[in-house]
Amino acid sequence: LTDLSGTVGSGLSSQVQLQQTLQTSLQGVESSSRQVLASGSRLEELARSLTSLQDILKPSKQRGEFGETLLKNLLDQILPSEHVGYQHAFRSGARVDAVVRCPQGLVPIDAKFPLESFQRRVPAEFRRALKTQIDEIASKYICPDEGTLDFALMYVPAEGVYYELVAQPEHVDLMAYAHQRRVVPVSPNTLFAYLQTVLIGLKGMRIEAEAKTIREQLIRLQGEVQKI
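A. Spatial organisation of the confidence of the model for the chain. For the chain, mean pLDDT is 79; residues scoring 70 or higher make up 68% of the total. Mean pLDDT per element in the chain: helix α1 (residues 2-57) is the minimum at 61, and strand β4 (residues 152-155) is the maximum at 94.

Take a look at the structure:
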C-alpha cells in the first residue's frame, strides 16, 4: 500500500507538472495567435492603403491632379512664389497647369502626361496619346503674343518613363516631333536642374538691380558732396 501510494503521488505530481507545461504552452499559443491576428490586421490595412493608392492613380482625372501636386511641390520648393503661377488662363479659355515667370516671359508647364496609356504597354495607343498631348501643348500654351516664350515644358512624373522616352529607339521620332513643336519633355530631375538655372539667373538679376540702385545713390551722394 505504501509503495502504491508513493507511485500514485508521483503520478499526480507528474500530472500537475504536465498540466502546468500545457498551460504555459497554451498561453504561448494564445500570445502567438494574438500576434498573428495583429499582423494580419496590419497587412489588411496595408493592402487597403495600397488599393486606395492604386485607386487614386488609376482614374485619369485624379491621376492628373496627383501629377499636378507633385509638380507644384517641386516648384514651391525651389522658386520664390512671385515667379510661379498655377492654372494660368489664356484668352482662348485654356488653362495650363503651371507657369514660371522669367524676365523674358512665361514658361508654360503641362503635367497631364498620358501615363495610363504608357502603363498598358500598347505602343500604338501610347504613341497616339503622346502625339495628341504634344499637339495640345503646342497649340494651347505656346502663345508669345500673350507673354509666353516660344516653347513649353511637358512634365513626365516618373524618371523611368522619361528614360524610356529619350533613350529607346522606338520613341526617337516622337521626341524629334516634340522638339519640332517646341515642346520639351522634362522629368523631376531635369526640371529641378532647369529651375536651379532659372533661380541662379533670378538671383543674378536681383544683384544687378541692387548694384544699379547703389550706383545711383553714389552718384546722387557725389552731387551732394560737390554742392557742399
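B. Representation of the environment of Thr 69 in the model. One can find Thr 69 in helix α2 (residues 60-78). Residues Thr 69 and Asp 97, 28 residues apart in the sequence, show an inter-C-alpha distance of 9.9 Å.

C. Region of interest: helix α6 (residues 172-180). Restricting attention to buried positions, one finds in α6 the residues Leu 174, Met 175, Tyr 177 and Ala 178. When α6 is viewed along its axis, its buried side chains cluster within an angular range of 155° and face the same direction. Exposed residues on α6 whose side chains face more than 90 degrees from its buried face are Val 172 and Gln 180. Residues of α6 that are buried make contact with α4 (123-141), α5 (159-167) and β5 (183-186). Residue Arg 182 follows α6 closely and has a positive phi angle near 65°.

D. Structural detail: the packing of α4 against α6. Between α4 and α6, the shortest axis-to-axis distance is 10 Å and the interhelical angle comes to 10°. Judged by the angle between their axes, α4 and α6 are roughly parallel. On α6, the residues touching Arg 127, Leu 130, Lys 131, Ile 134 and Asp 135 of α4 are Asp 173, Leu 174, Met 175, Tyr 177 and Ala 178. Grouping the amino acids of the contact of α4 with α6 by side-chain chemistry returns 6 nonpolar, no polar and 4 charged.

E. Inspection of unusual backbone geometry at higher detail. Positive phi is not limited to glycine here, since Gln 87 has a value of about 50°. Among the structural elements, Gln 87 can be located in strand β1 (residues 84-89). Of the residues examined, Gln 87 reaches a relative accessible area of 34% and is grouped as partly exposed. Here the phi dihedral of Arg 182 falls at roughly 65°; this positive angle occurs in a residue that is not glycine. Under the relative-accessibility criterion, Arg 182 is labelled partly exposed at 46%.

F. Local environment of the side chain of His 83. Looking at the element boundaries, His 83 is found in the loop between α2 and β1. The class of His 83 is buried, set by a relative accessible area of 16%. Sequence-distant contacts of His 83, that is, excluding residues within four places in its chain, are made with Val 99, Val 100, Arg 101 and Leu 202.

G. Spotlight on the side chain of Thr 148. Here Thr 148 lies in the loop between α4 and β4. A polar contact is formed between the side chain of Thr 148 and the backbone nitrogen of Cys 143, at a distance of 2.7 Å. In contact with Thr 148, not counting residues within four places along its chain, are Phe 90, Leu 106, Pro 108, Tyr 141, Ile 142 and Cys 143.

Criteria and thresholds
- Residues numbered from 1 in each chain as written.
- Predicted model: local features only at pLDDT ≥ 70, side-chain atom pairs only at ≥ 80, totals over all residues.
- Heavy atoms only, no water.
- pLDDT = per-residue confidence, 0-100.
- Helix = DSSP H or I, 4+ residues; strand = E, 2+ residues; numbered from the N terminus.
- Buried < 20%, exposed > 50% of the residue type's maximum accessible area, 1.4 Å probe, protein only.
- Arc of directions from axis to C-beta.
- Contact = heavy atoms within 4.5 Å.
- Axes fitted to C-alpha atoms, helices over the stretch in contact; angles between N-to-C directions.
- Parallel < 35°, antiparallel > 145°, perpendicular 65-115°, else oblique.
- Nonpolar A, V, L, I, M, F, W, Y, C, P; charged D, E, K, R; others polar.
- Polar contact = N/O pair within 3.5 Å; in protein donor to acceptor, adjacent residues only side chain to side chain.

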